[in-house]
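Residues per chain, in single letters:
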Amino acid sequence: MPVLGALTRRVGHHRWFAAAARLLVPADRAVGRLTRGRVVALGLVPSLILTTTGRRSGKPRSNPLLYVRDGDAYVVVGSNWGQPHQPGWSMNLLADPAAEVAVKGRRVPVRAEVASGVERDRLWRLLVTEWPAYRTYVRRAGGREIRVFRLVPVGRGAAGDGGSSG
């Protein structure tokens, strides 16, 4: 799938792609759930399933997201495909930074840290290297701050401790 992944990265800048991708998120979420995180985004880009706690409902909320690695941590961005409003999962992490990621079938409890300043700039460069369309999403978001989160493994299932659940 390297060719399809490269093609996906090229068309990711287009509005039609973002609109189509938003419509496919529920299907991607279902495939990710059925495969326990082994298949997300059809394997076209590095993706995980992030499960947060709904800030209003208190219920688990799962979302497929592109990620990059930063040491043991996973880095995700609240681009919301360039829409003018923050994604719900981003606001959920601000309310409760405890979450879980499913990556390649492995479930890992994490704690979210909002990146800022020089650290955000460094992580942003990693993200746009993986998905150049993030630059386009910034313009579309109309001045909204696009949050960058570092998801740091904690406790059982943390990288390096040999544990995993699932």
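Keep in mind that this is a model prediction, so the values were computed, not measured. (Residues numbered from 1 in each chain as written. Predicted model: local features only at pLDDT ≥ 70, side-chain atom pairs only at ≥ 80, totals over all residues. Heavy atoms only, no water.)

Peer 1: Help me understand the side chain of Asn92, please; the structure alone is not making it clear to me.
Peer 2: For Asn92, the location among the structural elements is in helix α3 (residues 88-95). Among the polar contacts made by the side chain of Asn92, one reaches the side chain of Arg55 at a distance of 2.9 Å. Every residue in contact with Asn92, bar those within four places of it in the chain, is listed here: Thr52, Thr53, Gly54, Arg55 and Arg61. (Helix = DSSP H or I, 4+ residues; strand = E, 2+ residues; numbered from the N terminus. Polar contact = N/O pair within 3.5 Å; in protein donor to acceptor, adjacent residues only side chain to side chain. Contact = heavy atoms within 4.5 Å.)

Peer 1: Even after reading the chapter, I still don't get the pattern of salt bridges, so can you show me in this structure?
Peer 2: Here the idea is simple: oppositely charged side chains can pair when their charged atoms come close. Summed over the entire model, instances satisfying the criterion amount to 5 salt bridges. Here Asp70 makes a salt bridge to Arg122, at a shortest N to O gap of 2.8 Å. Of this pair, Asp70 sits in strand β3 (residues 68-70) while Arg122 sits in helix α4 (residues 117-130), and the two are 52 residues apart along the sequence. A relative accessible area of 11% means that Asp70 is categorised as buried. Owing to a relative accessible area of 30%, Arg122 belongs among the partly exposed residues under this scheme. (Salt bridge = Lys/Arg side-chain N within 4 Å of Asp/Glu carboxyl O. Buried < 20%, exposed > 50% of the residue type's maximum accessible area, 1.4 Å probe, protein only.)

Peer 1: Could you clarify how one ought to interpret the packing of aromatic side chains in this entry?
Peer 2: Any pair of aromatic rings gets described here by the distance separating the centres and the angle formed by the planes. All told, the structure shown has 5 aromatic pairs when counted by the stated rule. Seen from their ring centres, Trp124 and Tyr134 are 6.0 Å apart, and the 40° between their planes marks the pair as tilted. A residue pair is termed long-range when its members are at least 10 positions apart, and Trp124 in helix α4 and Tyr134 in helix α5 (residues 134-140) qualify at 10 residues. For the pair Trp124 and Tyr134, a shared accessibility class is recorded, and that class is buried. Members of the aromatic cluster, connected to one another through ring pairs, are Trp81, Trp124, Tyr134 and Tyr137. In this structure, Arg69 packs its charged tip against the face of Tyr74, placed 4.3 Å from the ring centre. (Phe/Tyr/Trp six-rings, centres within 6.5 Å; stacked < 30°, edge-to-face > 60°. Lys NZ or Arg CZ within 6 Å of the ring centre and 35° of its normal.)

Purely geometric stuff here, so don't read any function into it on its own.
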